[in-house]
Amino acid sequence: NAGVTQTPKFRILKIGQSMTLQCAQDMNHNYMYWYRQDPGMGLKLIYYSVGAGITDKGEVPNGYNVSRSTTEDFPLRLELAAPSQTSVYFCASSSFSGANVLTFGAGSRLTVL
Amino acid sequence: EDKVVQSPLSLVVHEGDTVTLNCSYEVTNFRSLLWYKQEKKAPTFLFMLTSSGIEKKSGRLSSILDKKELFSILNITATQTGDSAIYLCALYNQGGKLIFGQGTELSVKP
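Remember, it's a predicted structure, so these values are computed and weren't measured experimentally.

Basis of the calculations
Residues numbered from 1 in each chain as written. Chains lettered and ligands numbered in written order. Predicted model: local features only at pLDDT ≥ 70, side-chain atom pairs only at ≥ 80, totals over all residues. Heavy atoms only, no water. Buried < 20%, exposed > 50% of the residue type's maximum accessible area, 1.4 Å probe, protein only. Helix = DSSP H or I, 4+ residues; strand = E, 2+ residues; numbered from the N terminus. Pairing = 2+ DSSP bridges. Axes fitted to C-alpha atoms, helices over the stretch in contact; angles between N-to-C directions. Salt bridge = Lys/Arg side-chain N within 4 Å of Asp/Glu carboxyl O. Polar contact = N/O pair within 3.5 Å; in protein donor to acceptor, adjacent residues only side chain to side chain. Contact = heavy atoms within 4.5 Å. Core = buried A, V, L, I, M, F, W, Y, C linked by side-chain atoms within 4.5 Å. Disulfide = S-S within 2.5 Å.

**Some remarks on the pairing of strand E3 (residues 19-25) of chain A**
All names here are of chain A.
- Side chains Met-19, Leu-21, Cys-23 and Gln-25 project from E3 onto a buried face, and the interleaved Thr-20, Gln-22 and Ala-24 project onto a face without burial.
- Bridging between strand E1 (residues 4-7) and E3 involves four bridges; their strand directions are antiparallel. From the neighbouring strand, Thr-5 faces E3, where its bridge partner is Ala-24.
- Across three bridges, the pairing between E3 and strand E8 (residues 76-78) is antiparallel. Each residue of the ladder has a partner; that of Leu-21, found in E8, is Leu-76.

What follows is the structure in structure tokens.
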């Protein structure tokens, strides 16, 4: 199984550009999450989804959008990139809340210049 | 607002020492608490705790949850340089929201 696949692994953006970080899982997990991690810090929840068609804001949603049209995919869109969005982004999934641990993607390192 | 606070934020010890990492929380509709280890890549799972007072153990690592006082501890005995990492505490609530603390950066010196 591939698990959770994130693309791209690295990206450099200019201020004001937009992009989408892709996340796909092949484990039929209902719950999916996007986190960002700044150097030396923990993970901050951006958005999460408890099933196809359902998304909810996390701790730091401003400047981001998500959609969940299928169980497998949970893309994260950055509109009008800002230097404050320079970070490592992790996508994760689990089968249902609380009873199973997260499976993480490998991470996407984004730099906004 | 749900919150997870870890302490200390960083810790330097020598090989062979025992360390205790702390995680306190405030959450509506607690579901479970998880501990992760992170070494320069995605976090890897250590423990999931749902019940108070029941110790989970894996080798030199152990963890326990106190749902009355709203905290958990992670113990590492006989530390080794390979234990150097960021240790993350995370909290699930009933609605599926999973939030992390700031992490404790542990450095084990030879």
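Having put the structure on the table, let's press on.
**Some details on the sheet that holds strand E7 (residues 64-66) of chain A**
Residue and element names in this part refer to chain A.
- One open sheet accounts for four strands, arranged E1-E3-E8-E7; its pairing is antiparallel. Of all strands in the sheet, those bounded by a partner on one side alone are E1 and E7. Shown here is a sheet whose adjacent strand axes are inclined to one another by a mean of 20°, direction ignored.
- As defined by bridge partners, E7 adjoins E8 across three bridges and the pair is classed as antiparallel. Opposite Asn-65, over in E8, you have Arg-77 as the bridge partner.

**A closer look at the pattern of salt bridges**
- Considering all chains together, one arrives at five salt bridges over all chains under this definition.
- Measuring nitrogen to oxygen at the nearest pair gives 3.9 Å for the salt bridge that ties Glu-39 of chain B to Lys-37 of chain B.

**As for the side chain of Ser-49 of chain A**
Residue and element names in this part refer to chain A.
- Within the element layout of this structure, Ser-49 appears in strand E5 (residues 43-51).
- Here the side chain of Ser-49 touches Gly-51 through a polar contact of 3.0 Å, landing on its backbone oxygen.
- A distance of 2.5 Å separates the side chain of Ser-49 from the backbone oxygen of Ile-54, its partner in a polar contact.
- With sequence-adjacent residues up to four places away left out, Ser-49 is seen in contact with Asn-30, Tyr-31, Met-32, Ile-54, Thr-55, Arg-68 and Phe-74.

**Concerning the environment of Phe-74 of chain A**
- The topology assignment puts Phe-74 of chain A in the loop between E7 and E8.
- For Phe-74 of chain A, a relative accessible area of 0% corresponds to the buried category.

**A closer look at the nonpolar core**
- With 44 residues, the main nonpolar core has Leu-102 and Phe-104 of chain A together with Leu-33 and Phe-100 of chain B as its most contacted residues.
- Membership of the second largest hydrophobic core comes to 19 residues, among which are Leu-21, Tyr-47, Phe-74 and Leu-78 of chain A.

**Here we look at the state of the cysteines**
Residue and element names in this part refer to chain A.
- For the structure shown, the criterion picks out two disulfides over all chains.
- Across a sulfur-sulfur distance of 1.8 Å, Cys-23 and Cys-91 are joined as a disulfide pair. Here the disulfide of Cys-23 and Cys-91 is left-handed, its torsion about the S-S bond being about -70°. Of this pair, Cys-23 sits in strand E3 while Cys-91 sits in strand E9 (residues 87-94), and the two are 68 residues apart along the sequence. Accessibility assignment for this pair places Cys-23 and Cys-91 in one class, buried.

**With respect to the sheet that holds strand E6 (residues 56-58) of chain B**
Residues and elements named next belong to chain B.
- Strand order in the open sheet formed by five strands is E1-E3-E8-E7-E6, with antiparallel pairing between adjacent strands. Each end of this open sheet is capped by a strand with a single partner; those strands are strand E1 (3-7) and E6. Neighbour-to-neighbour, the strand axes of the sheet open up by a mean angle of 15°, direction not taken into account.
- Relative to strand E8 (residues 71-76), strand E7 (residues 61-66) is paired through six bridges, and the arrangement is antiparallel. When the bridges of E8 are listed, Asp-66 appears paired with Phe-71.

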